[in-house]
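Single-letter residue listing:
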Number of protein chains: 2
Amino acid sequence: MAAESPVPLPALERLSTYIRCLMQLERDGVASVSSQDMEKHTGVSAAQFRKDLSYFGEFGKRGIGYRVVDLKERIASLLEIDREQSVVIVGAGHLGSALIAYPGWRSYRFKIAAVFDREPAVIGKRIRQYTVQDITELEDQTARLGARIGIIAVPAWEAQGVADRLVAAGIVGIVNFAPMKLQTPEHVVVREVCFICELAMLSYLVNHPAGGSEPAHSDDP
Amino acid sequence: MAAESPVPLPALERLSTYIRCLMQLERDGVASVSSQDMEKHTGVSAAQFRKDLSYFGEFGKRGIGYRVVDLKERIASLLEIDREQSVVIVGAGHLGSALIAYPGWRSYRFKIAAVFDREPAVIGKRIRQYTVQDITELEDQTARLGARIGIIAVPAWEAQGVADRLVAAGIVGIVNFAPMKLQTPEHVVVREVCFICELAMLSYLVNHPAGGSEPAHSDDP
DNA sequence: TAGATTGTTAATCGATTAACAATC
DNA sequence: TAGATTGTTAATCGATTAACAATC
């Protein structure tokens, strides 16, 4: 088949917003929504919403709208979160522990397959139902568990080494919490999460009243 | 002055990337960089880098490049992270605790001014150097501490209530970790952090080999 | 049927890239 | 000076918005 136009990354990011919203609507017992309703709930314009979905097919009924449950399931299927996927976490410090305690795993059908660290003081420790394993086990375990996604929750200076290990173990997708640009092979997808960067952005936005005027040259008084 | 064109948000987001990179370079003892070097270190193209800076003024020397320390300080000044800013955290669970333990606060000159929760079991608890305070103290404390930025690290169903309280307390910038679109007045800037959304994106990207072709209609076999 | 709302096309807008004159 | 690299302008590209025919 002639390659169709690829889905814009921003559209893909919004898909997560939609499904999150749809999960909420389902819990609230709402049966169907219009693109207008979605605009109210997500802040994404109705036109944008319909356009985003159009990259993937047809999801609604003209004159009617969308069935909440159906749409949720169709988007879940697009994102491939309609089946269980194993994820390995490297780093069992404060961040790793908070990730383990995160309540959203199940609704997205992600499963923490194993947790690793390299600190002897931490290895063997139990966190919830997990026992922290030695990082040297990573390769064997990842293969055995069939995990393809990994999370890096170690200090910056250890991140690249961990990334290399994950790649060697067959991981093809990484969420990186360390403030470090990772060098990885082409076939590996990396998403950076930088909490402090959000705070820095906020600092700018809060201190430059949004009207959108003057970007405040630093040589201004 | 005639209002200059506003800075594109993506450019602003990259500024965080640049400063993070420059901090690293400074630690590594690198004195100066070219836009080419920055491309290697950050993955952002040299042209993009120069264009982004151009929204704010001139930062380099033609034929030479940029002084690492100077550029870092100028960007810090643009983002207004060249002076201490107080931040309040609401939610002292796993996530709140991990945030408190986060090592990056100081280099961005953010200061955790206070930590709040509404659970009697948690109020009074010490986490590092902080004593968790009753959420009812939020308004008084925030005013007293002069905090303008707040972090929401509570469950989804409590997030809106906390947001309302933060706004009432005079907070104008919020980083929201709860999976909930917040309703806030115009003047308040909200940045959502959605960890599980990153994972969902990754799921799509990993399962749709990147070439960029066929977005996989869900009615495909 | 009339009213509503989708899916899609075309028009607009904005961001990225490429190219180059300025200048260190 | 010659070589390097910036800052900026113009060209390209891609994403968002608006509008509307299709249709429930």
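Now for a description of the structure that goes with this document. Because the structure is predicted, anything quoted here is derived from the model rather than measured.

### Considerations on the overall build of chain A
Okay, step 1: In terms of helices and strands, chain A carries 8 helices and 10 strands.
Okay, step 2: Projected onto its principal axes, the C-alpha positions of chain A cover 60 × 55 × 40 Å.
Okay, step 3: The buried share among the 221 residues of chain A stands at 51%.
Okay, step 4: Counted over contacts in chain A with a minimum sequence separation of 6, partners at least 24 positions apart contribute 54%.
Okay, step 5: Summing over all exposed atoms, chain A offers an accessible surface of approximately 10,800 Å²; the carbon and sulfur share of this is 50%.

### What to know about the interface of chain B and chain A
Okay, step 1: Facing 75 residues of chain B, the contacting portion of chain A comprises 75 residues.
Okay, step 2: When the two sides are added together, the surface that chain B and chain A hide from each other amounts to roughly 6,800 Å², 68% of it contributed by carbon and sulfur.
Okay, step 3: Across the chain B-chain A interface, the total number found is 4 salt bridges.
Okay, step 4: Glu 192 of chain B is the salt-bridge partner of Arg 20 of chain A, the closest N and O atoms lying 3.2 Å from each other.
Okay, step 5: Our count for the contact surface shared by chain B and chain A stands at 16 residue pairs in polar contact (both at pLDDT 80 or more).
Okay, step 6: Counting only elements with at least two residues in the side of chain B that touches chain A, the list comes to helix H1 (9-27), helix H2 (35-42), helix H4 (68-79), helix H5 (94-101), strand S8 (149-152), strand S9 (173-176), strand S10 (189-192) and helix H8 (195-207) of chain B.
Okay, step 7: Counting residues per element, the side of chain B that touches chain A draws most heavily on H8 of chain B, at 13 residues.
Okay, step 8: When its residues are assigned to classes, the side of chain B that touches chain A shows 43 nonpolar, 19 polar and 13 charged.

### Comments concerning helix H3 (residues 46-54) of chain A
Residue and element names in this part refer to chain A.
Okay, step 1: For H3, the set of buried residues is Ala 46, Phe 49, Asp 52 and Leu 53. Buried residues of H3, seen end-on, are gathered within an arc of 130° and therefore sit on one face of the element.
Okay, step 2: Where the residues of H3 are buried, they touch helix H1 (9-27), helix H2 (35-42), strand S2 (66-67) and helix H4 (68-79).

### Side note on the protein's contact with DNA strand C
Okay, step 1: Near DNA strand C you find 26 residues, and of these Ser 35, Arg 50, Phe 59, Gly 60 and Tyr 66 of chain A are the closest.
Okay, step 2: The contact atoms of DNA strand C, taken as those within 4 Å of the protein, divide so that sugar and phosphate hold 67%.
Okay, step 3: Between DNA strand C and Arg 62 of chain A there is a distance of 2.9 Å, counted from a sugar or linking oxygen to a side-chain nitrogen or oxygen.
Okay, step 4: Contact distances for DNA strand C include 3.1 Å between a base oxygen and a backbone N or O atom of Gly 63 of chain A.
Okay, step 5: Elements represented by at least two residues in the surface near DNA strand C include exactly H3 of chain A together with H1 and helix H3 (46-54) of chain B.
Okay, step 6: Per element, the largest residue contribution to the surface near DNA strand C is 4 residues, and it comes from H3 of chain B.

### Considerations on the sheet that holds S10 of chain B
Residues and elements named next belong to chain B.
Okay, step 1: Here 6 strands make up an open sheet; going across it, the order is S7-S4-S3-S8-S9-S10 and the pairing parallel. Either end of the sheet is taken by a strand with one partner, and the two such strands are strand S7 (133-134) and S10.
Okay, step 2: Bridge analysis of strand S3 (residues 85-90) against S8 gives 4 bridges, and the strand direction is parallel. Its bridge partner lying in S8, Val 90 is registered against Ile 152.
Okay, step 3: Here helix H6 (residues 138-145) sits on the sheet and contacts S3, strand S4 (110-117) and S7; the angle it forms with S4, its principal contact strand, is near 170°.

### What to know about the environment of Glu 137 of chain B
Residue and element names in this part refer to chain B.
Okay, step 1: Tracing the sequence through the fold places Glu 137 in the loop between S7 and H6.
Okay, step 2: Among the residues examined, Glu 137 registers a relative accessible area of 35% and is labelled partly exposed.
Okay, step 3: Separated by 45 residues in sequence, Glu 137 and Ala 92 have C-alpha atoms that sit 15 Å apart.

### Here's the deal with the packing of aromatic side chains
Okay, step 1: In this structure the tally under the stated criterion is 12 aromatic pairs over all chains.
Okay, step 2: Ring plane angle 70° and centroid distance 5.5 Å describe the contact between Phe 195 of chain A and Trp 105 of chain B, whose orientation is recorded as edge-to-face. With Phe 195 of chain A in helix H8 (residues 195-207) and Trp 105 of chain B in the loop between H5 and S4, this pair bridges two chains. Residue Phe 195 of chain A shares its accessibility class with Trp 105 of chain B, and that shared class is buried.
Okay, step 3: Ring geometry for Phe 49 of chain B versus Tyr 66 of chain B: centroids 5.3 Å apart, planes at 85°, classification edge-to-face. One end of the pair, Phe 49 of chain B, is in helix H3; the other, Tyr 66 of chain B, is in strand S2 (residues 66-67), with 17 residues separating them in the sequence.
Okay, step 4: Above the plane of the ring of Phe 59 of chain A lies Arg 74 of chain A, whose end atom (NZ or CZ) is 4.1 Å from the centre.

The rules behind the values
- Residues numbered from 1 in each chain as written.
- Chains lettered and ligands numbered in written order.
- Predicted model: local features only at pLDDT ≥ 70, side-chain atom pairs only at ≥ 80, totals over all residues.
- Heavy atoms only, no water.
- Helix = DSSP H or I, 4+ residues; strand = E, 2+ residues; numbered from the N terminus.
- Buried < 20%, exposed > 50% of the residue type's maximum accessible area, 1.4 Å probe, protein only.
- Contact = heavy atoms within 4.5 Å.
- Areas by Shrake-Rupley, 256 points an atom, 1.4 Å probe, with all protein chains shown as cover.
- Buried area = accessible area lost by both parts, 1.4 Å probe.
- Salt bridge = Lys/Arg side-chain N within 4 Å of Asp/Glu carboxyl O.
- Polar contact = N/O pair within 3.5 Å; in protein donor to acceptor, adjacent residues only side chain to side chain.
- Nonpolar A, V, L, I, M, F, W, Y, C, P; charged D, E, K, R; others polar.
- Arc of directions from axis to C-beta.
- Near = heavy atom within 4 Å.
- Pairing = 2+ DSSP bridges.
- Axes fitted to C-alpha atoms, helices over the stretch in contact; angles between N-to-C directions.
- Phe/Tyr/Trp six-rings, centres within 6.5 Å; stacked < 30°, edge-to-face > 60°.
- Lys NZ or Arg CZ within 6 Å of the ring centre and 35° of its normal.

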